[in-house]
Every structure is written in C-alpha cells, then in structure tokens.
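Overview (structure and organization)
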Amino acid sequence: MDLVKAEAVDSNEKSLVILQSLLCLLREKNILTRADIEELKEKVADRAAHDPFACRSDGVAAAVCEMQGLGDYLGRRYGGRHRRIS
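Source: prediction; values computed, not measured. Here the residue index of a chain counts from 1 through its sequence in written order. It should be noted that, the model being predicted, local features are given only for residues of pLDDT at least 70 and side-chain atom pairs only at 80 or more, the latter also being counted only at that level, while totals for whole chains, interfaces and linings use all residues. Derived side-chain values reflect all non-hydrogen atoms in the structure, with water molecules and hydrogen atoms excluded from consideration.

Comments concerning the environment of Tyr78
The following threshold applies: For helices the rule is a DSSP run of H or I covering at least 4 residues; for strands it is a run of E covering at least 2, with both sets numbered from the N terminus onward. When checking whether two residues touch, look at their non-hydrogen atoms; a contact exists if any pair is within 4.5 Å. Residues adjacent in sequence count toward polar contacts only when both atoms are side-chain atoms; beyond that, a polar contact is any pair of N or O atoms within 3.5 Å, and within protein one must be able to donate a hydrogen and the other to accept it.
Here Tyr78 lies in helix 4 (residues 57-78). Distance in space between the C-alpha atoms of Tyr78 and Lys29 is 9.9 Å, their sequence separation being 49 residues. Discounting chain neighbours no more than four positions away, the residues touching Tyr78 are Cys24, Arg27 and Glu28. Separated by 3.2 Å, the side chains of Tyr78 and Glu28 make a polar contact.

Some points on the packing of helix 3 (residues 34-49) against helix 4
Stated formally: Angular values range over 0 to 180 degrees, each being the angle between N-to-C directions of two axes fitted as lines to C-alpha atoms, with helices fitted over their stretch in contact. Relative orientations are named as follows: roughly parallel for angles under 35 degrees, roughly antiparallel for angles over 145 degrees, roughly perpendicular for angles from 65 to 115 degrees, and oblique for any other angle. Left-handed describes a crossing whose near helix is turned anticlockwise from the far helix by less than a right angle; the clockwise case is right-handed. Side-chain classes follow a simple rule in which Ala, Val, Leu, Ile, Met, Phe, Trp, Tyr, Cys and Pro form the nonpolar group, Asp, Glu, Lys and Arg form the charged group, and the remainder, Gly included, forms the polar group.
For the pair helix 3 and helix 4, interaxial distance at closest approach is 9 Å and the crossing angle is 170°. When the axes of helix 3 and helix 4 are compared, the pair comes out roughly antiparallel. Once helix 3 is placed against helix 4, the crossing between them reads as left-handed. Residues Arg34, Ile37, Leu40, Lys41, Val44, Ala45 and Ala48 of helix 3 form the contact with helix 4, whose own contacting residues are Val60, Ala63, Val64, Met67, Gln68, Gly71, Asp72, Leu74 and Gly75. Looking at the contact of helix 3 with helix 4, its residues break down into 10 nonpolar, three polar and three charged.

Side note on the nonpolar core
How we decide: Within this scheme, the nonpolar core is defined by two criteria: the residues are buried Ala, Val, Leu, Ile, Met, Phe, Trp, Tyr or Cys, and they are joined through side-chain atoms within 4.5 Å. Burial status follows relative accessibility: with a 1.4 Å probe on protein chains alone, a residue under 20% of its type maximum counts as buried, one over 50% as exposed, and anything between as partly exposed.
Leu23, Cys24, Leu32, Ile37, Met67, Leu70 and Leu74 form the largest nonpolar core, which has seven residues in total. Mapped by element, the contributors of at least two residues to this core are helix 2 (11-28) and helix 4. Residue contributions to this core peak at three residues, all from helix 4. Setting aside residues up to four positions removed in sequence, Leu70 forms contacts with Gln20, Leu23 and Cys24.

Written out as structure tokens, the structure reads:
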C-alpha cells in the first residue's frame, strides 16, 4: 500500500480493522469462546448505557452496533455454545 494512501485513512478505521481481525483470529484459534464474545458485547452495551461522556454518544452507539454485527458474524462463522444464563 502506498504510504500517502495509508496516511489518508482515518486512524479509527485502521484501529477498527486491526481489532476486528484480532477478535476473529482469537476466536478462530479457540482462545475466545462464543460466550466470551457475548460477554464482550454486553460489556460494550453496558458501557454505552452508562457513558459519562454524552458528547461521544454517536461513537458509543456505533461501537455497540459494530460489536453486535461482529458477534453475529463470529457466531455464524465459528459457531460454538452460547453462554448459559443462570
């Protein structure tokens, strides 16, 4: 990739791609379970519900949506058991 093009990409987009790839890799290697992904989704949603920085509400809502989509993708791709709710 050309250095000029790489600098033009938003750093948030680069970070998101890296983190998505890392979660996929960890799930693929069975380091993360489907239950772990579900717990992470809940933590992101909980943080969004109690975020003290209301000025970043768009970013928080986008994070919840992104985590939901990623969790659904990983669930379809790698399967596994859901976490048991007691």
